[in-house]
Every structure is written in structure tokens, then in C-alpha cells.
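# Descriptive analysis of the structure
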Amino acid sequence: MKIAILIQCHKNPKQINLLLDKLNHPDIDCYIHIDRKADFSTEIIKRDNIILLPDEKRVAVEWAQISQITATLNLMKEAYQHGKYDYYWLISGQDWPLYSANEIVEFFKKHDGENFIQYWNSKNFGNHQQNNLDKRNQVYFPLWMIGRKMWQKVIKRGWVELTGGYNRTWKFFMRKQLKIEFYFGSQWWALKEKTIDWVMKYLNENSQYYKFYCNSSTPDESFFHTLVMLSPYADENTDNLLYQRFQKGANSPDILKACDLPEAKKSKYLVMRKVDMDVDDAFLQI
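### A word on the overall build of the protein
The helix and strand tally for the protein stands at 9 helices and 10 strands. Taking 2.2 N^0.38 as the reference for a compact globule, 286 residues should give roughly 19 Å; the C-alpha atoms of the protein span a radius of gyration of 19 Å, in line with that estimate. Taken across its 286 residues, the protein has 57% of its residues classed as buried. A separation threshold of at least 6 residues defines the contact pool for the protein, and within that pool the share at least 24 residues apart is 74%. Accessible surface, the protein: about 13,800 Å² in total, of which carbon and sulfur atoms supply 50%.

### A word on the nonpolar core
Residues Leu-6, Ile-7, Trp-89, Phe-108, Trp-189 and Met-272 are the most contacted members of the largest nonpolar core, which totals 79 residues. For this core, the leading source of residues is strand 1 (residues 3–9), giving 6 residues. Apart from the residues within four sequence positions on either side, Met-272 is in contact with Gln-94, Asp-95, Trp-96, Leu-98, Tyr-243, Leu-256, Leu-261, Ala-264, Phe-283 and Ile-286. Among the nonpolar cores identified, the runner-up in size contains 6 residues, and Ala-64, Val-139, Phe-141 and Val-160 belong to it.

### Focus: the pairing of strand 2 (residues 28–34)
Of all 7 residues that make up strand 2, 7 are buried, and the element is covered over most of its length. In this sheet, strand 2 lies alongside strand 1 in parallel orientation, the contact comprising 7 bridges. Across the sheet, residue Gln-8 finds its bridge partner in strand 2, namely His-33. Taking the sense of rotation as the criterion, the β-α-β connection linking strand 1, helix 1 (residues 13–22) and strand 2 turns out right-handed. Looking at chain direction, strand 2 and strand 3 (residues 50–52) are connected through 3 bridges and run parallel. Bridged to Cys-30 within strand 3 is Ile-50.

Conventions used here
Residues numbered from 1 in each chain as written. Predicted model: local features only at pLDDT ≥ 70, side-chain atom pairs only at ≥ 80, totals over all residues. Heavy atoms only, no water. Helix = DSSP H or I, 4+ residues; strand = E, 2+ residues; numbered from the N terminus. Rg over C-alpha atoms; globule rule 2.2 N^0.38 Å. Buried < 20%, exposed > 50% of the residue type's maximum accessible area, 1.4 Å probe, protein only. Contact = heavy atoms within 4.5 Å. Areas by Shrake-Rupley, 256 points an atom, 1.4 Å probe, with all protein chains shown as cover. Core = buried A, V, L, I, M, F, W, Y, C linked by side-chain atoms within 4.5 Å. Pairing = 2+ DSSP bridges. Right-handed = clockwise from strand over helix to strand, strands pointing away.

Have a look at this one:
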């Protein structure tokens, strides 16, 4: 069982190095994308099973924009070209394993043949109750409109209302749709080799797919989910592998602290998200 762990990082090289030590195993290779806005490549530990993406393959990752997808695809392609893997597992530099590297390898052996990706059914076709997920792909979102700044949020919300609101989209504003059913879910996943093979082939043959998502809102929560459900392996999916906690209405999960560890340890998940040793380093006890 060979596993390629694809890690998106943007801060705290010390914590990333501790994560890499925790994941050190003969059957695991770690591929690292360091956000273009950060500059700590020289601080990451060196090992044969740690591969840093070169500068030309690093992108400045912006919240809810296509750059999230570009960074993930760059990690996938690097791993795909580097070696043969049974699983490709996308995580963050702010995740922390709840099990040892050996136990993680044994987990994937036990569940060989399953994809681990969270998804919700699309409602874009047929009779449905329109919602905000539909809106993400129905209208054109300029990149400058998507972000965390207050002015971006205000303008984006105004654009949603102008185009019909969350519960509908006026025909005039409906952009040309891909003739597929969209799915949505958490950004983080683990996919088996055959699924990745299919995804790579599909993207090479259908360049319009990536182009379409360039002006969707929050494409990282739909891009791969829709691809997996388009694939021949749509019936081989289960939940993702993350223990996390969201406050109602929050866009990002809580930073987990010592009080969260007992529940995380009892969960069915492999990693906890998200952790920050500058806030609470209790997770290092696991």
C-alpha cells in the first residue's frame, strides 16, 4: 500500500515539520504545496519521502477562488508523475493525525477500493428547491468579487440578489452550464488510484471543465466531488476522514483545543482539523 499525502500549507513551518515526522513511514510520500504568499521552503525538513513543489508550481491561494483547485491539481500532478500510489490523500498543514502512520497505512489497506469524499446531491436539474449551492455555479463570479474582505462580501451579496437571489436565478444572468449534475462537500478527500487515473484523463480531455470553475464561487467544495460522481466509481464513496467542528454560520472550522481531544480520539476519523500550536499545542500529545 503506497500513499501520496498532498499537503496544502500556508503558515508555521515548525508545526508542518512535526506533522511530517508524525506521518513518516516507508509507504507514505508527502507532497508539499507552500502558498506563494509564504516563504519558508528552506525551513521544511529534508527526507526522500518529502517532495516540495518547486516555485513555478506554487500559487497564491485565495479563499473561495480557483487557486485552491490549481494548488491541489499541481500536487496531484506532481505525485502522479513521481510514482505509483494506491491512494492520494489531500490534507492541510493544519491537520493532525489521530493515529500513528502505521495505523493509517493499515486503515487504507483495510478499506482498499473505497473513496473518501464527502458530498451532497446537486439540485441543479429536475424539480428542486433552489439554494445557495446552486448559485455558486449558475452565475458568473469575477475573481475580484470573491474573498473575505467586507467590501467583497457586500458586492457579492448584491450580485446574488441582482441575479435573482439564492432561491432562483433570472434566465438573463444564467451562464452556459456544463451538462452535468453538480455535487458539493468538504474540500478534503482521499481517492484511490483508479479514481485519480479517471480524473486525470477526464481533465486532459475536457479543458472546459476547469475553465468553467474559474468563475464559480468556492469551487474547491464542488470541483472534485462532481468529478468523482461523474466517474465509474461514484458508488464507492464514503465520508471524508476529518474530525472538525464548525460554529453555526462560520466559513472556517474552529481551532481545536485540549478540551476537544477526547471527542476527537473517540471519533471514526483519521485526522483532526484544524490545529494551531500557537493557540493550543495539546494535540501534540496524540
